[in-house]
Amino acid sequence: MKTVRVLIVDDHRLFRSGVRAELGPSIQVIGEAEDVESAVTAIGELQPDVVLLDVHMPGGGGQEVLRRVLGSGSQVRFLALSVSDAAEDVIGVIRGGARGYVTKTISGAELTDAINRVSEGDAVFSPRLAGFVLDAFASTEAPPIDPELDSLTQREREVLRLIARGYAYKEIAKELFISVKTVETHVSSVLRKLQLSNRHELSRWATARRLV
């Protein structure tokens, strides 16, 4: 079997180490990057077959990496690997040029298979995400503009989504690999921006916009 050379791009070192340990023998991890700048540099220097790309990172996130790398004419293939299963994240990176999108609940064997398939030119998605992509590319209408939603950062949207699903602060911190204090800071920022008072109002707000 052909060995696929992979670069892992994620802003959490512990997660990158975990991915390395879970990948099968057909995958050779040739490097890692933790933000947009280091990712763009590493891709240019190492020329991997496939880049495992986190969606939310310092410096602009996965979409910025895609824009800068694919905009330069590179033939590198990208597979998004993210905690987020939000439609706007999935559609954003696929429109940006990624060949697939899987969530971080994926098993090591499934991820190995997804990387191999992307390296061969296939498009790969976690089962429930494929519908987002089909709907997005079948629609000719531009998505409505939501100024309140647009005011939130990508990380704030992730925290909001998990709050709406009933996660406790400790559970959110574990899911996103951040501290409880950072979760509290994000929640306070979201409440201020949306002019809401508590997590119950946040949940209703998110549900009304189908972010859950």
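None of the values given here were measured: they were computed from a predicted structure.

Visitor: Describe the pairing of strand β4 (residues 77–82), listing the residues and the values that go with them.
Guide: The element β4 is extensively covered by neighbouring structure, given that five of its six residues are classed as buried. As paired elements, strand β3 (residues 50–53) and β4 share four bridges and run parallel to each other. Bridging across to β4, Leu52 finds its partner in Leu79. In this region the chain leaves β3, passes through helix α3 (residues 61–70) and returns to the parallel neighbour β4; the handedness of that crossover is right-handed. In terms of handedness, the path from β4 via helix α4 (residues 87–96) over to strand β5 (residues 100–103) forms a crossover that is right-handed.

Visitor: Before we move on, could you go through the sheet that holds β5 and cite the residues and values that matter?
Guide: Ordered in space as β2-β1-β3-β4-β5-β6, the six strands form an open sheet in which the pairing is parallel. If you trace the sheet from one side to the other, it starts and ends with β2 (27–33) and β6 (124–125), each paired once. With four bridges joining them, strand β1 (residues 4–9) and β3 adopt parallel strand pairing. Counterpart to Ile8 in the pairing with β3 is Leu52. Most of the contacts of helix α1 (residues 13–22) go to β2, to which it runs at about 170 degrees, and overall it touches β1, β2, β3 and β4. Lying over the sheet, α4 contacts β4, β5 and β6, oriented at roughly 150 degrees with respect to β5.

Visitor: How would you sum up the domain arrangement of the protein? Please name residues and give values.
Guide: On domain assignment, one finds that the protein holds domain 1 (1–121) and domain 2 (125–212). Between the C-alpha centres of domain 1 and domain 2 the distance comes to 22 Å. Taken together, the contact between domain 1 and domain 2 spans 25 residues of the former and 19 residues of the latter. Buried area between domain 1 and domain 2, both sides added, is near 1,800 Å², and the carbon and sulfur share of it is 59%. On the domain 1 side of the interface with domain 2, the three residues burying the most area are His56, Val83 and Asp85, jointly 29% of the side's total. Taken together, the links from domain 1 to domain 2 amount to one salt bridge. A salt bridge links Arg155 to Asp11; the nearest nitrogen and oxygen atoms lie 3.9 Å apart.

How each quantity is defined
- Residues numbered from 1 in each chain as written.
- Predicted model: local features only at pLDDT ≥ 70, side-chain atom pairs only at ≥ 80, totals over all residues.
- Heavy atoms only, no water.
- Buried < 20%, exposed > 50% of the residue type's maximum accessible area, 1.4 Å probe, protein only.
- Helix = DSSP H or I, 4+ residues; strand = E, 2+ residues; numbered from the N terminus.
- Pairing = 2+ DSSP bridges.
- Right-handed = clockwise from strand over helix to strand, strands pointing away.
- Contact = heavy atoms within 4.5 Å.
- Axes fitted to C-alpha atoms, helices over the stretch in contact; angles between N-to-C directions.
- Domains from an automatic or database assignment.
- Buried area = accessible area lost by both parts, 1.4 Å probe.
- Salt bridge = Lys/Arg side-chain N within 4 Å of Asp/Glu carboxyl O.

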